[in-house]
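In case you want the letters, here they are:
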Amino acid sequence: GALGGIHFWRSPKKLRTAAAVIVALAIILPALPAEYWERMSTITASADERDQSQSGRLHFWQVAVSMASDHPFLGIGHRGYEAAYDEYDASGGDYGVKRAVHSTWFGVLSEAGYPGLLMYVAIVLSSLLACRRIRKRAALGVLPDELGRYAIALESGLIAFIVGGSFVSFQYSEMLWHYFGLTMALERVAVRAEAEARARIDATPAGPAPVESEREPEFAWG
């Protein structure tokens, strides 16, 4: 939903984009496995089942805060949440043992502490800002249009991660870190392309001064 929304928002031809989304859904939905539909059926689960899922996530996040409170500067350690969960579980095992944190942000907080979370958020924001700068410069014609499209693609992926990662432990996903690296590389390419374009403009010799055409003298009649 987040990915589709950002693409629709950025698209200059929204009607065509909406038609393409409908066609894609018509092709993809029938091919999805039964496991997917079983997961989706939990959206319409009973109130008790939904409350259990919601309270479980809130409990896991509270456990993460407790871990960060005990280890504010360095956290519990890399991938240490599940190993330390039972020790911090105040529910007495109501939600199982060695549970996952179910949130990228709380996962980083518990395993890397408050400084680690700040650094992590800074990486995400700097990647988004890099994409925004490139997208804006391409829209103004300062950068090639294809660099703007690359920036939109990376920006869309990062936004999808922010939404999904708020409820799933994605902080160690290899592809996510590839995205961070790609935004850095794209910005370097953009800076170089803009510098080269500016150098070409500066190196272009000025044309000859315009020659004024000779005109007959004007007489003022009294």
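Enquirer: Describe the overall build of the protein, with residues and values.
Expert: A count of helical and extended segments in the protein gives eight helices and zero strands. Counting from the amino terminus, helix and strand elements in the protein follow one another as α-α-α-α-α-α-α-α. Among the 222 residues that make up the protein, the fraction classed as buried is 27%. Counting contacts in the protein only where the partners sit at least 6 residues apart, residues at least 24 apart contribute 66% of the total.

Enquirer: Quick one: what's the story with the side chain of Glu155, residue by residue and with numbers?
Expert: Its place among the elements puts Glu155 in helix 7 (residues 145-165). Take Glu155: its relative accessible area is 5%, and that puts it in the buried class. Leave out the neighbours within four places in its chain, and Glu155 touches Arg10, Leu128, Cys131 and Arg135.

Enquirer: Let's hear about the packing of helix 7 against helix 8 (residues 174-203): which residues, and what values?
Expert: Remark: helix 7 packs on helix 8, axes separated minimally by 10 Å, with the N-to-C direction vectors making an angle of 155°. Taken together, the axes of helix 7 and helix 8 are roughly antiparallel relative to one another. The chirality of how helix 7 crosses helix 8 is left-handed. Residue-level contacts link Leu147, Tyr150, Ala151, Leu154, Gly157, Leu158 and Phe161 of helix 7 to Leu176, Tyr179, Phe180, Leu182, Thr183, Leu186, Val189, Ala190 and Ala193 of helix 8. A class-by-class count of the residues in the contact of helix 7 with helix 8 yields 14 nonpolar, two polar and no charged.

Enquirer: Which residues make up the packing of helix 6 (residues 104-139) against helix 7, and what values do they have?
Expert: In contact at an axis separation of 9 Å, helix 6 and helix 7 are set at 155° when each is read in the N-to-C sense. It follows that helix 6 is roughly antiparallel to helix 7 by the angle criterion. Seen along the crossing, helix 6 lies across helix 7 with a hand that is left-handed. Residues Thr104, Trp105, Tyr120, Val124, Ser127, Leu128, Cys131, Ile134, Arg135 and Ala138 of helix 6 form the contact with helix 7, whose participating residues are Leu147, Gly148, Ala151, Ile152, Leu154, Glu155, Leu158, Ile159, Phe161, Ile162 and Gly165. When its residues are assigned to classes, the contact of helix 6 with helix 7 shows 15 nonpolar, four polar and two charged.

Enquirer: Can you break down a nonpolar patch on the surface residue by residue, with the values?
Expert: Together, Val21, Leu25, Leu29, Tyr36, Trp37, Met40 and Ile43 give the surface a local cluster of nonpolar side chains, amounting to about 610 Å² of exposed area. At the level of elements, helix 2 (14-28) and helix 3 (34-40) are the ones that each hand at least two residues to the nonpolar patch. Considering every element that reaches the nonpolar patch, the biggest residue donor is helix 3, with three residues. You can see Ile43 is positioned in the loop between helix 3 and helix 4 (47-70). We classify Ile43 as exposed; its relative accessible area is 57%.

Enquirer: Describe the layout of surface pockets, listing the residues and the values that go with them.
Expert: In this model, the second largest pocket occupies a volume close to 190 Å³. As for the second largest pocket, its lining consists of Tyr36, Arg39, Met40 and Val168. Split into classes, the residues belonging to the lining of the second largest pocket amount to three nonpolar, no polar and one charged.

Enquirer: Describe the pattern of salt bridges, and please don't skip the residues or the numbers.
Expert: Close approach of charged atoms allows side chains with opposite charge to pair. Within this structure, the stated rule accounts for six salt bridges. Of the charged contacts, one joins Arg10 and Glu155 as a salt bridge, the two residues approaching to 3.2 Å between their closest N and O atoms. Linking Arg10 in helix 1 (residues 2-10) with Glu155 in helix 7, this pair joins segments that are 145 residues apart in sequence. We note a salt bridge from Glu155 to Arg135, for which the minimum N-O separation is 3.4 Å. Of this pair, Glu155 sits in helix 7 while Arg135 sits in helix 6, and the two are 20 residues apart along the sequence. Just as Glu155 is buried, Arg135 falls in that class too.

Enquirer: Explain the packing of aromatic side chains to me, using residue names and the numbers behind them.
Expert: Tallied over the full model, the rule gives ten aromatic pairs. Seen from their ring centres, Trp105 and Tyr120 are 6.0 Å apart, and the 75° between their planes marks the pair as edge-to-face. Of the aromatic side chains, those joined through ring pairs into one cluster are Trp105, Tyr120, Phe161, Trp177 and Phe180. If you follow Arg10 out to its NZ or CZ, it ends over the ring of Trp9, 4.5 Å from the centre. The ring centre of Phe8 lies 5.9 Å from the NZ or CZ of Lys14, which sits over that ring.

Reading the values: the criteria
- Residues numbered from 1 in each chain as written.
- Predicted model: local features only at pLDDT ≥ 70, side-chain atom pairs only at ≥ 80, totals over all residues.
- Heavy atoms only, no water.
- Helix = DSSP H or I, 4+ residues; strand = E, 2+ residues; numbered from the N terminus.
- Buried < 20%, exposed > 50% of the residue type's maximum accessible area, 1.4 Å probe, protein only.
- Contact = heavy atoms within 4.5 Å.
- Axes fitted to C-alpha atoms, helices over the stretch in contact; angles between N-to-C directions.
- Parallel < 35°, antiparallel > 145°, perpendicular 65-115°, else oblique.
- Left-handed = near helix turned anticlockwise from the far one by under 90°.
- Nonpolar A, V, L, I, M, F, W, Y, C, P; charged D, E, K, R; others polar.
- Patch = residues over 30% accessible without salt bridge, like charges linked within 9 Å, V, L, I, M, F, W, Y side chains within 5 Å.
- Areas by Shrake-Rupley, 256 points an atom, 1.4 Å probe, with all protein chains shown as cover.
- Salt bridge = Lys/Arg side-chain N within 4 Å of Asp/Glu carboxyl O.
- 1 Å grid on protein atoms, 1.4 Å probe; cavity = no way out; pocket = protein on both sides within 12 Å on 5 of 7 lines; lining within 4 Å.
- Points joined across faces, edges and corners; volume = space filled by probe spheres on them.
- Phe/Tyr/Trp six-rings, centres within 6.5 Å; stacked < 30°, edge-to-face > 60°.
- Lys NZ or Arg CZ within 6 Å of the ring centre and 35° of its normal.

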